[in-house]
Amino acid sequence: MSDLATALLAWLAVYTYPVAALTVLVGSIGVPLPSTVVVLAAGSFTTDGDPDFRLLFGIILAAAVLGDVTSYSLGRWGGHVVIDRVGARIGLTRARIAAAEQRFERWGGWLVLVTRCLLTGLALPTNLAAGASTYPLPRFLAWAAVGETIWTAQLLTLGWWFGASWVSLLDYLDDAVTLLTALAVAAGLVWLLVRLLRAKPEPTG
Amino acid sequence: MTTLRRRPLLLAGVTVALVVVLLLGGRAAWRLGHRLLGPPPPPRQTDVALIADWMSVPYVGRAYRVPEPELYRALGVEPEGRRVRPLRQIARDSGRTSDQVVTIVRETVSAWQESHPGPPTPVGATPPPLPPTPQPKPKDGGPDRPRPPP
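Source: prediction; values computed, not measured. (Residues numbered from 1 in each chain as written. Chains lettered and ligands numbered in written order. Predicted model: local features only at pLDDT ≥ 70, side-chain atom pairs only at ≥ 80, totals over all residues. Heavy atoms only, no water.)

J.: Would you explain the overall build of chain B in this entry?
T.: Looking only at helices and strands, chain B has five helices and zero strands in total. Shown N-terminal to C-terminal, the secondary structure of chain B runs as helices and strands in the order α-α-α-α-α. The buried share of chain B, reckoned over its 150 residues, is 30%. Relative to all contacts within chain B whose residues are 6 or more apart in sequence, the contacts with residues 24 or more apart total 56%. About 9,500 Å² of surface is accessible on chain B, with carbon and sulfur atoms providing 62% of the total. (Helix = DSSP H or I, 4+ residues; strand = E, 2+ residues; numbered from the N terminus. Buried < 20%, exposed > 50% of the residue type's maximum accessible area, 1.4 Å probe, protein only. Contact = heavy atoms within 4.5 Å. Areas by Shrake-Rupley, 256 points an atom, 1.4 Å probe, with all protein chains shown as cover.)

J.: I would appreciate a short explanation of helix α5 (residues 98–115) of chain B in the present structure.
T.: Residues separated by three or four positions in an α-helix point in the same direction, a consequence of the helix having 3.6 residues per turn. Residues and elements named next belong to chain B. With 18 residues, α5 extends 26 Å between its outermost C-alpha atoms, agreeing within 8% with the 26 Å of an ideal straight helix rising 1.5 Å per residue. Within α5 the residues assigned to the buried category are Val101, Val102, Val105, Thr108, Val109 and Trp112. In an axial view of α5, the angular spread of the buried residues amounts to 125°, which keeps them on one side of the axis. Facing away from the buried side of α5, by more than 90 degrees, are the exposed residues Asp99, Glu107 and Glu114. (Expected span 1.5 Å × (residues − 1). Arc of directions from axis to C-beta.)

J.: Honestly, the pattern of salt bridges in this entry has me stumped. Any pointers?
T.: Two side chains of opposite charge can pair, provided their charged atoms sit close to one another. In total, this model carries ten salt bridges over all chains according to the counting rule given. Across the pair Arg35(B) and Asp171(A) runs a salt bridge whose closest N-O atoms are separated by 3.8 Å. Remark: Asp171(A) occurs in helix α8 (residues 170–198) and Arg35(B) occurs in helix α1 (residues 3–37); the pair is interchain, linking two chains. Residue class for Arg35(B) comes out partly exposed when judged on its relative accessible area of 24%. Put simply, Glu70(B) and Arg73(B) hold a salt bridge, and the shortest N to O gap is 3.2 Å. In this pair, Glu70(B) and Arg73(B) are both assigned in helix α3 (residues 68–75), three residues apart and thus about one turn of the helix distant. Here the residues in one salt-bridge network are Asp171(A), Asp175(A), Arg31(B) and Arg35(B), joined through shared partners. (Salt bridge = Lys/Arg side-chain N within 4 Å of Asp/Glu carboxyl O.)

J.: Hey, could you run me through the environment of Arg82(B) in this one?
T.: All names here are of chain B. Summarising the element assignment, Arg82 is placed in the loop between α3 and α4 (87–93). Note on Arg82: relative accessible area 22%, which makes it partly exposed. Note: C-alpha distance between Arg82 and Tyr72 (ten residues apart in sequence) is 9.5 Å.

Right, dumping it as structure tokens:
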């Protein structure tokens, strides 16, 4: 258990609702906090009804969705700045950006959903990409709410079910999330590799 | 710089990244496989052997349903300023080893559990009901619309 997780769990035991909410909110914005650990532990505390499971669920869900919208907004605001300044230098032409936006428009919802509850390591880049593209906020919000509902419910329920022995789940979860994320990233890299091998060499600059 | 000149570098970079990602994924898969071959972690375990020195007194109190004052009394320290300190820090502050402090806490929890037996954990119990799941509202006919399972 890292020092950061130890400190957060100590505070969680004293101030469960605010610490759970703040950890999830700040973690969703991109600060590397052990949100999974905190939500599991919070769920384990609910076994005797204090804290209240449903209230805790609502607070964590609201914090997670708020964090997603914040990082989406950062992508919308900062994405254009980055593209305008360095886009041309890294090969982000208007045609490529338009194609990427079209793909995101088509598959973005599923991507947002899956990165909330399975490939959580890719949630932040997805939020930033959704914001930087023209993906509409209401649709992002709807998909993020569903994904975060699944994420919050599954972790709180696991914590509730395992009680004090929730700690023994951490290794399973770490490995499962690492494996799924590695598979997703590998699929993306293979796709990129194929495109690079097939592309005709044309001058761009 | 042209794509032609840059392509070998990009290819090399993507290939290296792919190898690294596959190695990380393979390592996680191997470890997960080994874990899944072993016995699953038991739910609602109140075995005091799980108490570790990273836990704080309020954490142990909540996780094992023991009043905090009992634990502070057993440790011989006041709660003021120590509620968010892990047991290892309490041990350091009081000139003891982590093992000594953890042992005291385990014995206190065991004694409390014996003198205050709680109701048995219902096997197959269901967690409290959750609020209804919000449904996404993609635009009509859009490709994002979730399809019902066949």
